[in-house]
Amino acid sequence: MDVRGVVSTKRDGGVLSREEIEFFLTRYVAGEVPDYQASALLMAIYIHGMQPDELGDWTRAMLQSGRVVKFEGLGRPTSDKHSTGGVGDKVSIPLAPAVAACGVAIPMISGRGLGHTGGTLDKLESIPGFSTQLDESAFQRAMETVGVALAGQTDDLVPADRKLYALRDVTGLVSSIPLIASSIMSKKLAEGTESLVLDIKYGSGAFIPDVAQGRELAKAMMDIAASMNVPVRVLQTAMDRPLGCAVGHTLEILESLECLRGEGPADLRELVCELGAQMLCMAGVESESEAAKARVAQTLDDGSAFAKFEDITRNQGGQPGTWFNAQGDPDLTTTETFLAPASGILSYRDVREVGLALCALGGGRVQLDDKIDFGVGFRFQREAGDTVSAGDPLCTIYHRAGRGLDEARARLTQAIEIVTEYKPQPLIIARM
Ligand code: URA
């Protein structure tokens, strides 16, 4: 077997064997295969795709390129959620404590925001002292004591993905369904979860806006999970409008706390309850979706999810009650009201523009090492589908002395559209 042979098999549209995949990836991670040969193979995968078994073997080989976590003796089942992300998606923050309050442990490895989408890690780090850098033993301890670890990826988890993702990024090979599916699933399955719920977003604010392509991604991820005997359920949910009313780090933490108190926007609560119900059913804690949904809702209403979030915060270095500091305090920014430009029904032309407007204010990352202003953002007073009159307040802009304000206004103008007829798509468009 040689590297050129593996590349040419795929170049000609063939199916790689498990041995060929392991041979290639092991050598690539060890630095014995140069990036130009790996790029050639990735390009061939991009063009020809992968068969389900082949994709399972590829993902398993990626997963086994590093440490694979196993939780033994926890006395509780484990489950996790992955979302393809979007604008205002803060679901993980109330979801993890709500599900943990029902007796399921959550090993949640999350990412940072880049471009128009925010990241759970950045939002959590807007809480003073909250550390998402947990080493192996701190992660294990968090799982044993609090039952939740909310952390970033460590260097020893799926090193193959780190190398391959960086290469895909600079060679225009990110948007391939098998490469995305294997990248996400290898990381999720390495963290030791026994089941997984996937929130695949659709709409203009989603990573993959097209519903049919999102379904294809879901199918590829489900095939991978099946090949590894990991139960998985998928919800395809709306990102053709922002989720909830708040966009921006502290503002989203505050909205998550509202949800954890049984309050806050209906769409956020609905998604927490729906995703949480799937996790409880897969974990075997409940057998029926409606009962599971009611149980998650109960934790939001009776304070147990909120108390669990306080435990998580304390365990990860924060102090419950101190949810932001002066740098992140939205009340110490300057506010401006963004008004409806016309009368009609509020809809969204391009939700990505809301995320990019946040970046313009300094509340997002364009480059990986950009510093985020946690205090800036938007709070929407009206939602998609509402009838508005010209001049009605649509949202409050929290800005830092006018930084990026012109661009943010222009992007919000581009994001929304006032139309005469519009019915928002359902929050959950498909379940798989
Ligand atoms: N997120 C990932 O982790 N990997 C991809 O390939 C795309 C999005």
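Every chain is numbered on its own, with residues counted from 1 as its sequence reads. A pLDDT threshold of at least 70 governs which residues receive local features in this predicted model, and a stricter bar of 80 or more applies before side-chain atom pairs are shown or counted, although totals over entire chains, interfaces and linings include all residues. Each side-chain value is worked out from all heavy atoms of the structure, with water and hydrogens disregarded.

## Considerations on the overall build of the protein
Consideration 1: Going along the chain from the N terminus, every DSSP run of H or I of four or more residues is numbered as a helix, and every run of E of two or more is numbered as a strand. For the protein, the helix and strand inventory stands at 16 helices and 13 strands.
Consideration 2: Here, two residues are considered to be in contact whenever any of their heavy atoms come within 4.5 Å of each other. If you take every contact in the protein between residues at least 6 apart in sequence, the share linking residues at least 24 apart comes to 77%.
Consideration 3: Reported accessibility uses the Shrake-Rupley method at a 1.4 Å probe radius. Residues are deemed covered only where the shown protein chains occlude them. In the form shown here, the protein has an accessible surface area of approximately 17100 Å², with 49% of it arising from carbon and sulfur atoms.
Consideration 4: Lys and Arg are tallied as positive, Asp and Glu as negative. Neither His nor the chain termini are counted. To locate a charge, the coordinates of NZ of Lys, CZ of Arg, CG of Asp or CD of Glu are taken. Side chains of the protein carry 42 positive and 58 negative charges; the gap between the two charge centres is 1 Å.

## What to know about the environment of Ser-186
Consideration 1: In this structure, Ser-186 sits in helix 9 (residues 177-190).
Consideration 2: The contact partners of Ser-186, leaving out residues within four places of it in the chain, are Thr-59, Met-62, Leu-63, Val-158 and Asp-161.
Consideration 3: In protein, a polar contact requires one atom able to donate a hydrogen and another able to accept it; more generally it is a pair of N or O atoms within 3.5 Å, and residues adjacent in sequence count only if both atoms are side-chain atoms. Engagement of the side chain of Ser-186 in a polar contact is seen with the backbone oxygen of Ser-182, the distance being 2.8 Å.
Consideration 4: Within the local environment of Ser-186, its side chain forms a polar contact with the backbone oxygen of Ser-183, the two atoms lying 3.1 Å apart.

## Quick look at the layout of surface pockets
The method is simple in principle: a probe with the dimensions of a water molecule rolls over the atoms, and the space it marks as empty is what remains.
Consideration 1: The volume enclosed by the second largest pocket comes to roughly 290 Å³.
Consideration 2: The wall of the second largest pocket is formed by 14 residues, among which Pro-242, Gly-244, Asp-267, Glu-383 and Ala-384 lie closest to the centre.
Consideration 3: Residues are grouped as follows: Ala, Val, Leu, Ile, Met, Phe, Trp, Tyr, Cys and Pro are nonpolar; Asp, Glu, Lys and Arg are charged; all remaining types, including Gly, are polar. For the lining of the second largest pocket, the class distribution of residues is 8 nonpolar, 2 polar and 4 charged.
Consideration 4: Viewed by domain, the lining of the second largest pocket spans two of them, domain 2 (80-315) and domain 3 (330-419), each represented by three or more residues. Lining residues are defined by having an atom within 4 Å of a point belonging to a cavity or pocket. Those points lie on a 1 Å grid over the protein atoms alone, cavities being sets where a 1.4 Å probe fits but cannot get out and pockets being open sets with protein on both sides within 12 Å along at least five of seven lines. Grid points are joined across faces, edges and corners, and a volume is the space filled by probe spheres set on the points. Note that domain bounds follow an automatic or database assignment of domains.

## Here we look at the domain arrangement of the protein
Consideration 1: By the assigned domains, the protein splits into domain 1 (3-48), domain 2 (80-315) and domain 3 (330-419).
Consideration 2: Taking only C-alpha atoms into account, the centre of domain 2 sits 25 Å from that of domain 3.
Consideration 3: Taken together, the contact pairs 24 residues of domain 2 with 26 residues of domain 3.
Consideration 4: Here the buried area means the combined drop in accessible surface, using a 1.4 Å probe, for two parts upon being joined, counting both sides. For the pair domain 2 and domain 3, the two sides together bury roughly 2000 Å², of which 64% comes from carbon and sulfur.
Consideration 5: A pair is scored as a salt bridge if a Lys or Arg side-chain nitrogen falls within 4 Å of a carboxyl oxygen belonging to Asp or Glu. Run the count over domain 2 and domain 3 and you get 3 salt bridges.
Consideration 6: In this structure, Arg-379 and Glu-258 form a salt bridge, with 2.9 Å as the shortest nitrogen-oxygen distance.
Consideration 7: On the surface where domain 2 and domain 3 come into contact, there are 6 residue pairs in polar contact (both at pLDDT 80 or more).
Consideration 8: For the side of domain 2 that touches domain 3, the secondary-structure elements that each account for two or more residues are helix 6 (120-125), strand 6 (246-247) and helix 11 (249-260).

## A short note on the packing of aromatic side chains
Consideration 1: Pairing of aromatic rings covers Phe, Tyr and the six-membered ring of Trp, with a centre-to-centre limit of 6.5 Å; geometry is then stacked below 30 degrees between planes, edge-to-face above 60, and tilted otherwise. If you walk through the whole model with that rule in mind, you get 5 aromatic pairs.
Consideration 2: Ring centres 5.6 Å apart and planes at 25° place the aromatic pair Phe-309 and Trp-323 in the stacked group. On the criterion of sequence distance, the pair formed by Phe-309 in helix 14 (residues 304-315) and Trp-323 in the loop between helix 14 and strand 7 (334-339) is long-range, its members being 14 residues apart.
Consideration 3: Each residue's exposure class comes from its accessible area (1.4 Å probe, protein chains only) as a fraction of the maximum for that residue type: buried when under 20%, exposed when over 50%, partly exposed otherwise. Its relative accessible area of 1% is what places Phe-309 among the buried residues.
Consideration 4: With 6.4 Å between their ring centres and 45° between their planes, Phe-378 and Phe-380 make a pair best called tilted. Per residue, the accessibility class of Phe-378 equals that of Phe-380, and both read buried.
Consideration 5: Members of the aromatic cluster, each reached through a chain of ring pairs, are Phe-306, Phe-309 and Trp-323.

## Here we look at the site of the ligand
Consideration 1: Taken together, Tyr-165, Arg-168, Ile-180, Ser-183, Ile-184, Lys-187 and Phe-207 form the complete shell of residues around the ligand.
Consideration 2: Side-chain polar atom of Ser-183 to a nitrogen atom of the ligand: 2.6 Å apart, as the coordinates give it.
Consideration 3: Side-chain polar atom of Lys-187 to an oxygen atom of the ligand: 2.5 Å apart, as the coordinates give it.
Consideration 4: Residue assignment for the shell around the ligand shows that the elements contributing at least two residues are helix 8 (159-171) and helix 9.
Consideration 5: If one sorts the elements of the shell around the ligand by residue count, helix 9 sits on top with 4 residues.
Consideration 6: For the shell around the ligand, a count of residues per class yields 4 nonpolar, 1 polar and 2 charged. One heavy atom within 4 Å of a molecule or strand is enough for the residue carrying it to be called near that molecule or strand.

## Considering the packing of helix 5 (residues 92-100) against helix 14
Consideration 1: For helices, the fitted line uses only the C-alpha atoms of the stretch in contact; every axis is such a line through C-alpha atoms, and the angle between N-to-C directions lies from 0 to 180 degrees. Closest axis-to-axis distance for the helix 5/helix 14 pair is 8 Å, and the angle between their directions is 105°. In this view, helix 5 runs roughly perpendicular relative to helix 14, as classed from their interaxial angle. Counting all contacts with helix 5, which are made through Ile-93, Pro-97, Ala-98 and Ala-100, the residues of helix 14 involved are Ala-305, Lys-308, Phe-309 and Ile-312.
Consideration 2: Partitioned by chemical class, the residues of the contact of helix 5 with helix 14 number 7 nonpolar, no polar and 1 charged. For this classification, under 35 degrees means roughly parallel, over 145 means roughly antiparallel, 65 to 115 means roughly perpendicular, and everything else is oblique.

## Describing the pairing of strand 11 (residues 393-399)
Consideration 1: Burial analysis of strand 11 places 6 of its 7 residues in the buried class, the great majority of the element.
Consideration 2: Any two strands between which DSSP finds at least two bridges are classified as paired. Sheet topology places strand 9 (residues 377-380) next to strand 11; 4 bridges connect them, and they run antiparallel. In the strand pairing of strand 11, Phe-380 is matched with Cys-395.

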